[in-house]
Amino acid sequence: RWAAPVAREVAVGALATVATAPLVAWHFGRVSLVGIVANVAAGPLLAALQPTLFLALLLAPFGAPGQVAAAAARVPIRLLDAVADVAAGLPFAALD
């Protein structure tokens, strides 16, 4: 059951990587070799994070409720940052 969604994520990530590689290489001087795997790992975190941040944005004018919603986003944001740190720290993570 999980193989099809993962395969779809890998295919979309690979297509996005190939399509944007020339522009990324030109602008940043390197291309990620671990981006596809990192995106698969980050996908569930983003799925949880998007509605939480949207709710925080909607509730921001009301003070405390917006702060509570924003605080709920801290854990997924930290986990997303950890995925990025691990991926970037891998040997040969990018091609210069």
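Refer to the structure above for everything that follows.
Just so it is clear, the model here is predicted, and its values are computed rather than measured.

Below, the discussion takes up the overall build of the protein. A count of helical and extended segments in the protein gives 4 helices and 2 strands. What you see in the protein, going N to C, is helices and strands ordered as α-β-α-α-α-β. In terms of C-alpha radius of gyration, the protein reaches 16 Å, well past the compact-globule figure of 12 Å for 96 residues. With the C-alpha coordinates of the protein rotated into their principal frame, the extents come out at 45 × 35 × 25 Å. Classification of the 96 residues of the protein by burial places 18% in the buried group. Contacts in the protein between residues far apart in sequence, at least 24 positions, make up 65% of those at least 6 positions apart.

Right, let's talk about the packing of helix α2 (residues 35-59) against helix α4 (residues 74-89) for a bit. Contact geometry of α2 with α4 gives a least axis separation of 9 Å together with a crossing angle of 160°. Of the possible angle classes, the one that applies to α2 and α4 is roughly antiparallel. In this structure, α2 crosses over α4, and the sense of that crossing is left-handed. Residues Ala 38, Ala 41, Ala 42, Leu 45, Leu 46, Leu 49 and Leu 53 of α2 touch α4, and the partners they reach there are Pro 76, Ile 77, Leu 79, Leu 80, Val 83 and Ala 87. Per-class residue counts for the contact of α2 with α4 are 13 nonpolar, no polar and no charged.

What counts and how
Residues numbered from 1 in each chain as written. Predicted model: local features only at pLDDT ≥ 70, side-chain atom pairs only at ≥ 80, totals over all residues. Heavy atoms only, no water. Helix = DSSP H or I, 4+ residues; strand = E, 2+ residues; numbered from the N terminus. Rg over C-alpha atoms; globule rule 2.2 N^0.38 Å. Buried < 20%, exposed > 50% of the residue type's maximum accessible area, 1.4 Å probe, protein only. Contact = heavy atoms within 4.5 Å. Axes fitted to C-alpha atoms, helices over the stretch in contact; angles between N-to-C directions. Parallel < 35°, antiparallel > 145°, perpendicular 65-115°, else oblique. Left-handed = near helix turned anticlockwise from the far one by under 90°. Nonpolar A, V, L, I, M, F, W, Y, C, P; charged D, E, K, R; others polar.

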